[in-house]
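Each chain, written out:
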Amino acid sequence: MLRGKRKIVVGSGVLIFLFIAYYFALPENLFPDPYCTVLEDRQGELLSATIAKDGQWRFPQLDTVPEKFKQALIQYEDKRFLTHGGIDLRAFARAVQQNFRAGKIVSGGSTISMQVIRLSRKGKSRTYFEKLIEILLATRLELRYTKGEILALYASHAPFGGNVVGLEAACWRYFGRDVYDLSWAEASMLAVLPNAPALIHPGKNRGKLLLKRNALLDKLQQVGVLDDFTCSLAKEEAIPDQPTPLPRHARHLIQRIVRDGLGDTRVRSTLDDAVQRRVEQIIDDHSKRLAGNQIFNAAALVLDVETGNVVAYVGNTHSDNLGYHGEEVDIISSPRSTGSILKPFLYAAMLDEGKILRKSLVPDVPTLINGFAPKNFKNEFDGAVPADQALIRSLNIPAVFMLQQYRYEKFHSLLKHTGMTTLSKPPDHYGLALILGGAEGKLWDITGMYASMARSLNGYFKRQPENKYAVADYHAPTYLKSQSINQEEQFLSASGLFSAASVYQTFDVLKEVYRPGEETGWRNFYSAKKIAWKTGTSFGFRDGWAVGVTPQYAVGVWVGNADGEGRPGLTGTETAAPILFDIFSQLPGNAWFQEPYLEMEQIPVCSKSGLRISEFCESADTVWVSPRGLDVKSCTYHRKVYVTADNRYRVHRDCEEESRMVAKSWFILPPIQEHYFKNRNISYKTLPPFKPGCESVTALRAMEVIYPKQNARLFIPRDLDGTPGSSVFELAHRNPSATIYWHLDGQYLGNTLKNHRFQLNPGEGSHILTLVDDAGETLEVGFEVLSK
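No experiment lies behind these values; they were computed from the predicted model shown. (Residues numbered from 1 in each chain as written. Predicted model: local features only at pLDDT ≥ 70, side-chain atom pairs only at ≥ 80, totals over all residues. Heavy atoms only, no water.)

1. Brief notes about the packing of aromatic side chains
For any pair of aromatic rings, the description rests on two quantities: the centre-to-centre distance and the angle between the ring planes. The condition that has to hold: Working definition: a ring pair exists when centres of Phe, Tyr or Trp rings (six-membered ring for Trp) sit within 6.5 Å. Plane angles under 30 degrees give stacked, over 60 give edge-to-face, the rest tilted. Each helix corresponds to a stretch of at least 4 residues labelled H or I by DSSP, and each strand to a stretch of at least 2 residues labelled E; elements are numbered beginning at the N terminus. Relative accessibility decides the category of a residue: with a 1.4 Å probe and only protein chains considered, values under 20% of the type maximum give buried, values over 50% give exposed, and everything between is partly exposed.
Applying the stated rule across the entire model yields 21 aromatic pairs. Ring geometry for Y637 against F667: centres 6.0 Å apart, planes inclined by 50°, an arrangement best described as tilted. Placement of Y637 in the loop between β18 (620–625) and β19 (638–643) and of F667 in strand β20 (residues 662–667) is noted, with a sequence separation of 30 residues between them. Neither Y637 nor F667 differs from the other in exposure class; each is buried. When the ring of F667 is compared with that of F677, the centres are 6.3 Å apart and the planes differ by 65°; the resulting orientation is edge-to-face. Of this pair, F667 sits in strand β20 while F677 sits in helix α21 (residues 671–680), placing them 10 residues apart in sequence.

2. Quick word on the side chain of T270
This is how the line gets drawn: Distance and chemistry together define a polar contact, namely a pair of N or O atoms within 3.5 Å, with one atom able to donate a hydrogen and the other to accept it when in protein, and with adjacent residues in sequence counting only for side-chain atoms on both sides.
Structurally, T270 can be placed in the loop between β5 (266–268) and α12 (273–291). Side-chain polar atoms of T270 contact the backbone oxygen of V310, separated by 2.7 Å.

3. Some points on the sheet that holds strand β15 (residues 543–549)
Going by this rule: Two strands are counted as paired when DSSP detects at least two bridges linking them. Note on geometry: axes are lines fitted to C-alpha atoms, helical ones only across the stretch in contact, with angles between N-to-C directions running from 0 to 180 degrees.
Spatially, five strands are ordered β7-β6-β16-β15-β14 in an open sheet, and the strand pairing comes out antiparallel. Looking at strand neighbours, the two that pair on one side only are β7 (310–314) and β14 (532–537), the edges of this open sheet. Here the strands of the sheet are splayed against their neighbours by 10° on average, with no regard to which way each runs. Pairing between strand β6 (residues 297–304) and β7: four bridges, direction antiparallel. Residue pairing for β7: L303 is matched across the bridge by V310.

4. Description of the packing of helix α5 (residues 128–144) against helix α6 (residues 147–157)
Filter applied, for reference: Roughly parallel refers to an angle under 35 degrees, roughly antiparallel to one over 145, roughly perpendicular to one between 65 and 115, and oblique to any angle outside these ranges. Crossings are assigned a handedness: left-handed for a near helix turned anticlockwise from the far helix by less than a right angle, right-handed for a clockwise turn. Only heavy atoms matter for contacts: two residues are in contact if any of them lie within 4.5 Å across the pair. Under the grouping applied here, Gly and all other residues not named as nonpolar or charged are polar, the nonpolar ones being Ala, Val, Leu, Ile, Met, Phe, Trp, Tyr, Cys and Pro and the charged ones Asp, Glu, Lys and Arg.
As a packed pair, α5 and α6 sit with axes 8 Å apart at the nearest point and diverge in direction by 120°. When the axes of α5 and α6 are compared, the pair comes out oblique. Between α5 and α6 lies a crossing of right-handed hand. Along the contact surface, α5 presents L141, E142 and R144, while α6 presents K147, E149, I150 and L153. Counted by class, the contact of α5 with α6 contains three nonpolar, no polar and four charged residues.

5. With respect to the nonpolar core
Where we set the bar: Definition of nonpolar core: a set of buried residues of the types Ala, Val, Leu, Ile, Met, Phe, Trp, Tyr and Cys, connected through side-chain atoms within 4.5 Å.
With 76 residues, the main nonpolar core has L342, F345, F411, L415, F498 and F507 as its most contacted residues. Of all the elements, helix α18 (residues 443–460) adds the most residues to this core, at 10 residues. Look past the residues within four positions of F345 in its chain and what remains in contact with it is F411, L414, L415, T418, M449, Y450, M453 and F498. Counting 63 residues, the second largest nonpolar core, distinct from the first, contains I133, L151, W184 and L246.

6. A few points about helix α9 (residues 206–222)
Filter applied, for reference: A helix's residues, less one, multiplied by 1.5 Å, set its expected span.
Between its first and last C-alpha, α9 extends 24 Å over 17 residues, near the 24 Å set by a 1.5 Å rise per residue. In this fold, the buried residues of α9 make contact with α2 (67–77), α8 (184–192) and α10 (228–236). One or two steps after α9, the chain reaches G224, where phi turns positive at roughly 90°.

7. A closer look at a nonpolar patch on the surface
How we decide: The patches described consist of residues with a relative accessible area above 30% and no salt bridge, like charges being joined within 9 Å and nonpolar side chains (Val, Leu, Ile, Met, Phe, Trp, Tyr) within 5 Å. The Shrake-Rupley method, run with a 1.4 Å probe, gives the accessible areas here. Residue values count only the displayed protein chains as cover. Here, a salt bridge means any side-chain nitrogen of Lys or Arg that lies within 4 Å of a carboxyl oxygen of Asp or Glu.
Judged by side-chain polarity, I16, I20 and F24 come together as a nonpolar surface patch covering roughly 330 Å² of accessible area. As for its position among the elements, I20 is in helix α1 (residues 2–24). Take I20: its relative accessible area is 42%, and that puts it in the partly exposed class.

8. Considering the sheet that holds strand β27 (residues 765–773)
Pairing is mixed across the open sheet formed by five strands, whose spatial order is β22-β28-β27-β24-β25. Of all the strands in the sheet, just β22 (712–714) and β25 (747–753) have a single pairing partner and so form its edges. Each adjacent strand pair in this sheet contributes to an overall mean axis angle of 30°, direction not counted.

9. What to know about the environment of A554
Turning to its location among the elements, A554 is positioned in strand β16 (residues 553–560). Along the sequence, A554 and V311 sit 243 residues apart, while their C-alpha atoms lie 9.7 Å from each other. Setting aside anything within four residues of it in sequence, one finds A554 in contact with L301, V302, L303, V305, T447, A451, G548 and V549.

10. A closer look at the pairing of β15
Summarising burial for β15: seven of the seven residues are buried, a large majority. Along β15, one buried face is formed by D543, W545, V547 and V549 and the opposite face, lined by G544, A546 and G548, is buried too. For β14 and β15, the ladder comprises six bridges, and the chain directions are antiparallel. Residue pairing for β15: A532 is matched across the bridge by V549. Hairpin connection, β14 to β15: the antiparallel pair is bridged by five residues, and G540 has positive phi, about 85°. Here β15 folds back onto β16, and the loop between the two strands holds three residues.

11. Observations concerning the state of the cysteines
The following threshold applies: Two cysteine sulfur atoms form a disulfide, by the criterion used here, when they sit within 2.5 Å.
Here the structure, examined in full by the defined rule, presents zero disulfides. Cysteine C617 remains unbridged, with the sulfur of C606 as its closest cysteine sulfur at 3.3 Å. Residue C617 is classed as buried on the basis of its relative accessible area, which comes to 12%.

12. Quick look at the confidence of the model for the protein
Our working definition: pLDDT is a residue-level measure of predictor confidence that goes from 0 to 100.
The predicted model of the protein averages 87 in pLDDT, with 90% of residues at 70 or higher. When pLDDT is averaged over each element of the protein, β7 comes out on top at 98 and helix α3 (residues 89–102) at the bottom at 64.

13. Details of the pairing of β6
Of all eight residues making up β6, seven are buried, and the element is well covered by its neighbours. Relative to β16, β6 runs antiparallel, the two being bridged by eight bridges. Paired with L301 across the two strands is G556, which belongs to β16. Between the end of β6 and the start of β7, which pair antiparallel, lie five residues, with G308 showing a positive phi angle near 80°.

14. Observations regarding the environment of H318
With respect to the helices and strands, H318 occurs in the loop between β7 and β8 (336–337). Taking C-alpha positions, H318 is 8.5 Å from S287, a pair spaced 31 residues apart along the chain. If sequence neighbours within four positions are ignored, H318 has contacts with R251 and D284.

Given below as structure tokens:
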């Protein structure tokens, strides 16, 4: 009795052990193989793929198998696949009989499930013991997976000749199309290929392959899957020749995907296949022209404004020329000198804080600030220029004055919050050069920053009156469809990084196509749609930038050489802007931004200074301003002066009878600004000189030193022959006929008339330059000469 119970216990234990062994016999991951990285557009169209690490074209596993291939495969490999549990006993018995008669293994009787197991076991020898293992694991496979999943496993890992593994890779390599676009002839050919992939594939033994395919088509006709006409047409299709290349669009994005840790997967991106192809063609067309000037690289990024989704990603040119020019570098994600491309953000920030109005005058004169001496592109000076004109002409000196007023520390922080990720150094590292390309930026970041400004402006009109701004409006672009921002789940607030008013005014300035001053290429641009666009050129003509934005799209373009070599004429306007406009011409939509009138007020401003009108301004314009724009001071350039009746002299009450004095409103710039401004503005009237005998009283300084500035530290190099060098000192005076008397350290040097430049050779050490005009006005400037 006890012995019988013991047998039952032992037997039960053995059965439990066998059940557990059977349950865990099938590996959790049947195919731990490396896969291709596959990039698809937003509709699932194949854009590009990289070969797997083991050198095979093996796409990530399919979820489902197309019906045509399913029907052809089942008819060819396993007629009773849908009804058996992993082993077809009838087919297995027939195979045993055939092998016995032949005296060797000529038929395996394998079901599709058993073939999946064999594929997962990587070419184990075909023995009876191995066959038994396949049978056991095939039954376990049937318990874990559905029939559709087993078909997908087979289709994804079956060999299709050469280094082509899996149905999807085979479709693209042999037919250049998606698996769901297969014809009956193509599906039948692919169904027979795994039966003997090393012997038969489209590159050889095409006759045998054709016979096998047509025999399968006949079977499909016999079982009623195909009618006579469809079968006949299918047989007329030719067998493909050698494997064809896969699509190679957005090739730099697929490299980025691998760097981002998404290799060996299928990535559904936000790209639009049609737009991607057009932008690649535009880059290719322009690169041929640019190559004539030894400019070999260009990149373009197109973003959807509302979502920040990438619509097109062209990381570099594609060149068939001999020699390597860095075409594999992904420029979109590479830091490059920004040139002037950040100036619109400063302009918007200044408007936002009420530090300027749209046309406020900004100095444009020779400048030296703590050793930093910015220059304009053409090395010319306007004296003073409206802020909007300084922006569209991309003048450097006014931008530096604006940044000095705004503070570069604040601007550094603002850029980081707007989306610039490359500012890894503290603000003092960049200083005022931050606005002129002193920092590096990525095309990815900068295009995203422009898109974020446009998104914020668009969003202003979609939200409730009390909370019209969303923190999430300012975010990086995304190329993953699964990471698109949910517009419904945003935290709203009453203010944003930039007000809608300042963004609109900035874009409104930037939509101007007329761009005189910096470069001449603007003359070639015409666009039927309004585009807010800005160019940038880095020092040494190494980087040409152009970024444009509409309510629908933001486009960023970079042109240059990946190795940093500069080239004459490599400017943003000449090289990048033509590409920008060509890309926009291919994009749909023709709308322009709405004006945020609820956040703006209309005020009168001085037509000459651009500041709020004062009692002395003679003419006014009406402009819309942001709320903080109401804090801008009134015009300080117009002053009341008294002149003689014939306007020849200035006078005052101490030297002229009041009845003979005429009060006039006069537009007066500081001497150094006036010096340059009057040469470019013939309507500017300089103040008349004081009437003889009236010189003793004056409220306005008549002269100003251009070079050197107060407390400047100068280094004057020696001449080529080793003798001490000299430097040209310069002065501006309101009176063109004034005589200036020059003194250095109390010693008289000489005088100048009209053109007030004096060549000096001061020794090392500290010095005092004293200047006296013929009216007796004195000006002193201290400076230090460092060792020569």
